[in-house]
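One-letter residues, chain by chain:
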Amino acid sequence: MSITRRAILAAAPFLAAPALAQSPWPSRPMRLIVPFQAGGATDVTARVIAERLGELLGQPMVVDNRAGAGGNIGADAVAKAEPDGHTLLMGTIGTASINQFLYAKMPFDPQKDLAPVALVNEVANGVIVDAKVPAQSLAELIALAKGDPGGLNYGTPGNGTSGHLCGELLKYRAGIDLQHVPYRGTGGVIPEILAGRLQVAIDNLPAYLPHLKSGALRLLAVTSKDRWFTAPEVPTVAEAGATLGLKGFEAVAWFGLQAPSRTPKPVVESVARATLQALSEAPVQAKLKEIGSAPRPLGPEEFGRFIASENAKWSEVVKLSGAKLE
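One structure accompanies this document, and this report is about it. Treat the numbers as computed from the prediction; the structure is a model and nothing was measured.

**A word on the packing of aromatic side chains**
Inference 1: Following the criterion strictly, the structure yields 3 aromatic pairs and no others.
Inference 2: Between Trp228 and Phe229, the ring centres sit 5.5 Å apart and the planes meet at 40 degrees, which makes this aromatic pair tilted.
Inference 3: By relative accessible area, which is 8% here, Trp228 ends up buried.
Inference 4: Here Phe229 falls in the partly exposed class, since its relative accessible area comes to 42%.

Here it is as structure tokens:
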């Protein structure tokens, strides 16, 4: 079934929702808070969807980057925002699911304080190395790490991100010791690995594509279930590590809109309808694919069920890995 067809079907439950034409919402420009630095997959996704949502909803949607604490700072700002539909979150796998199991203390409750609006897209993570690292494959990287326990650093866009938990799961499953170096976003990781101060990055793939094409960095494996469309020649972690304890390995990043939990249902449904309409349009699909992501439109109820399934998965991964943050 095509993306367009799926989006239309996903939108069907909301088509009968009360129209907001006579409501003052939106009465001013809206804010879409991105809980990471500019330049990463979260930010680029937000800018693609915000442009079209502003057109569909009749008010500009301004992207506001609030980085820090694995996305918790930006997510907390939305959780505590006025629930009037003018402030939304570009939620991530970390802010919506992983962080609550990883951090000893959370400034907000992602289940109670944020409402699902619409899932937008998903992105494979890559296991990426500096071209000077003497590893041409994932198996060779694992062997290198086993020969020098704790001697290799891996960078991610922050604690609690999909890159962080992918790295922890990789360490646990492969029986290796890598030192995690968290940054405030992908924009902090890339200069460090290009300068040779990091040996490995485990991060959303799109922002690294130019450096992979130039040969400055090397992609050893992708973390999706199947090979990723932007690098079909590169094996999955499950493929590359099938004999090394990594069979069945899968962990993609995903991005979706959330709102403060007390946001009126008609407003949530209006944003969801507009989002699903945008994701059914060829120009928006093309822009998302250009940045290396796959559109994945889901409305509020389906997105809520999806988050619940991710919670079950990542709570177990955090428990197995032993990762904990104060």
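**Quick word on the packing of helix α4 (residues 93-102) against helix α13 (residues 300-321)**
Inference 1: Remark: α4 packs on α13, axes separated minimally by 9 Å, with the N-to-C direction vectors making an angle of 40 degrees. As summarised for this structure, α4 and α13 are arranged oblique, according to the angle between their axes. Considering the relative orientation of α4 and α13, their crossing is right-handed. Contact residues: Ile93, Ala96, Ser97, Ile98, Gln100, Phe101 and Leu102 in α4; Ile307, Glu310, Asn311, Trp314, Ser315 and Val318 in α13.
Inference 2: A class-by-class count of the residues in the contact of α4 with α13 yields 8 nonpolar, 4 polar and 1 charged.

**Observations regarding the environment of Leu219**
Inference 1: As for its position among the elements, Leu219 is in strand β8 (residues 217-222).
Inference 2: Judged by relative accessible area, Leu219 falls into the buried class, the value being 14%.
Inference 3: Along the backbone, Leu219 and Gln136 are 83 residues apart, and their C-alpha atoms lie at a distance of 8.8 Å.
Inference 4: Contact partners of Leu219, with chain neighbours within four places excluded, come to Gly126, Val127, Ile128, Leu205, Leu212, Ala231 and Val234.

**Thoughts on the nonpolar core**
Inference 1: Judged by nonpolar contacts, the single largest core of 42 residues is most densely connected at Leu102, Leu138, Leu141, Val237, Leu246, Phe249 and Trp254.
Inference 2: Those elements that place two or more of their residues in this core are α4, β4 (114-130), α6 (138-147), α7 (162-174), β7 (200-204), β8, α10 (237-240) and α13.
Inference 3: Once residues within four sequence positions are removed from consideration, Phe249 is found in contact with Cys166, Leu169, Leu170, Arg173, Thr223, Ser224, Val237 and Ala238.
Inference 4: Residues Trp25, Met90, Phe255 and Leu257 belong to the second largest nonpolar core, which totals 33 residues.

**A few points about the pairing of strand β3 (residues 87-92)**
Inference 1: Here β3 lies mainly inside the structure; 6 of its 6 residues are buried.
Inference 2: Taking every second residue as pointing to the same face, both faces of β3 are buried, with Thr87, Leu89 and Gly91 on one and Leu88, Met90 and Thr92 on the other.
Inference 3: Examined bridge by bridge, strand β1 (residues 30-34) and β3 share 3 bridges and lie parallel to one another. Looking across to β3, one finds that Ile33 is bridged to Leu89.

Rules behind the numbers
- Residues numbered from 1 in each chain as written.
- Predicted model: local features only at pLDDT ≥ 70, side-chain atom pairs only at ≥ 80, totals over all residues.
- Heavy atoms only, no water.
- Phe/Tyr/Trp six-rings, centres within 6.5 Å; stacked < 30°, edge-to-face > 60°.
- Buried < 20%, exposed > 50% of the residue type's maximum accessible area, 1.4 Å probe, protein only.
- Axes fitted to C-alpha atoms, helices over the stretch in contact; angles between N-to-C directions.
- Helix = DSSP H or I, 4+ residues; strand = E, 2+ residues; numbered from the N terminus.
- Parallel < 35°, antiparallel > 145°, perpendicular 65-115°, else oblique.
- Left-handed = near helix turned anticlockwise from the far one by under 90°.
- Contact = heavy atoms within 4.5 Å.
- Nonpolar A, V, L, I, M, F, W, Y, C, P; charged D, E, K, R; others polar.
- Core = buried A, V, L, I, M, F, W, Y, C linked by side-chain atoms within 4.5 Å.
- Pairing = 2+ DSSP bridges.

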